[in-house]
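# Close look at the chain arrangement
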Amino acid sequence: MRVRNFCAGPAVIPEAVLEEVKSELLAWGDSGMSIMEMSHRSSIFDEVAMTAKKDFIDLMSVPDDYDVLFLQGGATQQFSMIPMNFSSKTESADYLLSGTWSKKAISEGLKFSNINVVASSEEGNFTSAPEIETWNLDSKAKYFHYAPNETIQGVAIHNPPEIDSPIIADMSSVILSEPIDVSKFSLIYAGAQKNMGPAGTTLVIVKEEILGKVTRHIPTMLNYQAHIAKESMANTPAVFAVYVSMLNLQWLKDIGGISFIEEVNNKKAALLYAEIDRNPLFKGIVAKEDRSTMNATFNLTDPALAAPFDALWKVAGINGLNGHRSVGGYRASMYNALPLHSVQVLVDVMQALENEQA
Ligand SMILES: *Cc1c(COP(=O)(O)O)cnc(C)c1O
């Protein structure tokens with residue numbers, strides 16, 4: 001039996017997509033080969049890569065003056081590529097510090113640029129997002145970087161800020177989960193393994209006008225312009241990850257696209273947060289207005305109930321509910337492919353614990 005998978009990433013993939021992978025694993029179409037066994041220069045793989053890109057552009061309504069790339073190295077490699085490509089040792093970039101991932105982006109950024117941390121919620125253990133009124137933006141910053149959804153803490157910044165600098169966003173855990181006005185951003189990036197497919201490929205949407213302004217030497221594989229020139233084929237792409245992402249994007253289109261999945265995602269989050277707030281045995285960790293729709297973090301009010309609670313959710317077939325090892329507690333990741341029913345099962349388990357303890 002497949003579990004009810006609340007893992008934070010790699011994460012649940014739609015069962016229909018996995019079935020399709022299974023049926024095509026030995027031979028893709030009438031090629032007599034698996035997609036993993038053929039040249040990435042073949043017309044078949046070219047079609048897969050082009051379809052993935054086109055469907056992504058359609059789903060996200062990406063404007064014409066942006067390039068869409070499928071790279072490797074994960075979101076973490078973007079932490080280095082961004083400062084390398086858009087700032088220099090003598091220039092500065094603005095970063096918002098709102099959780100573990102933006103913190104990592106800052107420490108990597110410091111290797112290539114001056115960094116101005118515009119605001120931080122670290123003192124409060126990242127349990128809320130720094131309010132925009134408190135941000136200390138630098139008018140000379142080459143760009144502004146933030147993580148709209150901090151996957152580990154479950155803190156979200158729900159709307160892009162209205163600021164003058166080019167905005168760069170780590171959307172690893174929110175990409176494709178809600179409509180995004182791409183025109184408000186200069187670069188968006190996301191590792192595929194949260195909401196788009198398997199680990200191994202990293203999505204980058206980049207506005208052409210921001211490119212080509214630094215003078216430093218950039219290694220080819222870390223240079224956005226090199227990847228654009230070669231249409232994401234500067235070397236062998238992660239063929240299997242791109243292929244499964246393509247199937248996942250088609251699945252999302254078929255079920256109704258991003259506005260449809262946003263409704264489902266909002267329902268799932270509302271259902272779980274309502275129970276966290278109602279049930280006296282649980283408490284949310286993040287300030288209500290900054291709660292993530294994708295990753296809900298919560299604690300037991302009495303830590304001694306961990307053993308009975310853990311036993312109940314495991315018996316119910318739930319998997320991946322433990323909080324990140326750096327913060328503890330619980331985290332329910334509710335990406336696109338997690339069925340609403342799985343959240344209902346979790347809520348039932350929380351109520352069962354309450355009844356058991358009454
Ligand atoms: C998972 C995650 C990352 C790290 O992604 P990798 O692909 O493992 O490098 C970075 N940022 C956010 C917001 C994430 O959720």
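On a predicted model such as this, the values are computed, not experimentally measured, just so you know.

This part covers the sheet that holds strand β11 (residues 282-284). Two modes of strand pairing occur in sheets, parallel and antiparallel, and in both the strands are linked by backbone hydrogen bonds. Across the sheet, three strands lie side by side as β11-β12-β14; this open sheet has antiparallel pairing. This sheet does not close on itself; its edge strands, each paired only once, are β11 and β14 (330-333). With strand direction ignored, the average angle separating the axes of adjacent strands in the sheet is 35 degrees. Sheet topology places strand β12 (residues 295-300) next to β14; four bridges connect them, and they run antiparallel.

Okay, helix α3 (residues 74-86) next. Here α3 spans 19 Å end to end across 13 residues, near enough to the 18 Å set by a 1.5 Å rise per residue. Its axis deflected by about 25 degrees at S80, α3 carries its strongest bend there, up to four residues before the proline P83. Among the residues making up α3, those that are buried are A75, Q78, F79, S80, M81, I82, P83, M84, N85 and F86.

A separate point is helix α4 (residues 100-109). Within α4 the residues assigned to the buried category are T100, S102, A105, I106 and G109. The elements touched by buried residues of α4 are α3, β3 (92-97), β4 (114-120), β5 (144-146) and β6 (149-150).

Here the focus is the packing of helix α6 (residues 239-255) against helix α7 (residues 257-278). Two elements in contact, α6 and α7, have axes separated by 7 Å at closest approach and are oriented at 80 degrees. Comparing their axes, α7 and α6 come out roughly perpendicular. When α6 is examined against α7, the residues W251, L252, K253 and I255 are found in contact with a partner set consisting of G257, I258, F260 and I261. Per-class residue counts for the contact of α6 with α7 are six nonpolar, one polar and one charged.

The next thing to look at is the sheet that holds strand β2 (residues 66-71). Spatial strand order, β2-β10-β9-β8-β5-β3-β4: seven strands in an open sheet with mixed pairing. Strand pairing shows two members of the sheet lacking a second neighbour, β2 and β4, which therefore form its edges. Averaged over neighbouring strand pairs, the angle between their axes works out to 15 degrees when direction is ignored. Along the sheet, α3 contacts β2, β3, β5, β8 (167-170), β9 (187-191) and β10 (202-207); its crossing angle with β9, the most-contacted strand, is approximately 155 degrees. Of the strands in this sheet, β3, β4, β5 and β8 are in contact with α4, which crosses β3 at around 160 degrees.

What follows concerns the site of the ligand. Near the ligand the following residues occur: G74, A75, T76, F79, W101, N149, T151, D170, S172, S173, Q193 and K194. In this structure, D170 approaches the ligand through a side-chain N or O atom, which is 2.6 Å from a nitrogen atom. At a separation of 2.7 Å, an oxygen atom of the ligand approaches a polar side-chain atom of K194. Across the complex, the protein chains shield 87% of the 390 Å² of accessible surface that the ligand would expose by itself. Here the ligand is seated within the largest pocket. In terms of residue count, α3 provides more of the shell around the ligand than any other element does, four residues in total. Along the lines of polarity and charge, the residues of the shell around the ligand split into three nonpolar, seven polar and two charged.

Moving on, we get to the nonpolar core. Ranked by internal contacts, the top residues of the largest apolar core, which has 58 residues, are F56, M60, L176 and I205. Among the elements that take part in this core, α6 stands out by supplying nine residues, more than any other. Residues from two domains meet in this core; each of domain 1 (15-255) and domain 2 (257-357) gives at least three. One finds A75, L97, L211 and I228 within the second-largest nonpolar core, a separate group that totals 29 residues.

Put simply, helix α1 (residues 15-24) and α6 touch, their axes get as near as 9 Å, and they point 135 degrees apart. For the element pair α1 / α6, the angle class is oblique. Here α1 runs over α6; the crossing is right-handed. Facing A16, V17, E20, V21 and E24 of α1, the residues of α6 in contact are F240, Y243, V244, L247, N248 and W251.

Rules and cut-offs
- Residues numbered from 1 in each chain as written.
- Predicted model: local features only at pLDDT ≥ 70, side-chain atom pairs only at ≥ 80, totals over all residues.
- Heavy atoms only, no water.
- Pairing = 2+ DSSP bridges.
- Helix = DSSP H or I, 4+ residues; strand = E, 2+ residues; numbered from the N terminus.
- Axes fitted to C-alpha atoms, helices over the stretch in contact; angles between N-to-C directions.
- Expected span 1.5 Å × (residues − 1).
- Bend = angle between axes of the 7 residues up to and from the residue.
- Buried < 20%, exposed > 50% of the residue type's maximum accessible area, 1.4 Å probe, protein only.
- Contact = heavy atoms within 4.5 Å.
- Parallel < 35°, antiparallel > 145°, perpendicular 65-115°, else oblique.
- Nonpolar A, V, L, I, M, F, W, Y, C, P; charged D, E, K, R; others polar.
- Near = heavy atom within 4 Å.
- Polar contact = N/O pair within 3.5 Å; in protein donor to acceptor, adjacent residues only side chain to side chain.
- Areas by Shrake-Rupley, 256 points an atom, 1.4 Å probe, with all protein chains shown as cover.
- 1 Å grid on protein atoms, 1.4 Å probe; cavity = no way out; pocket = protein on both sides within 12 Å on 5 of 7 lines; lining within 4 Å.
- Sits in = over half its atoms within 2 Å of the grid points.
- Core = buried A, V, L, I, M, F, W, Y, C linked by side-chain atoms within 4.5 Å.
- Domains from an automatic or database assignment.
- Left-handed = near helix turned anticlockwise from the far one by under 90°.

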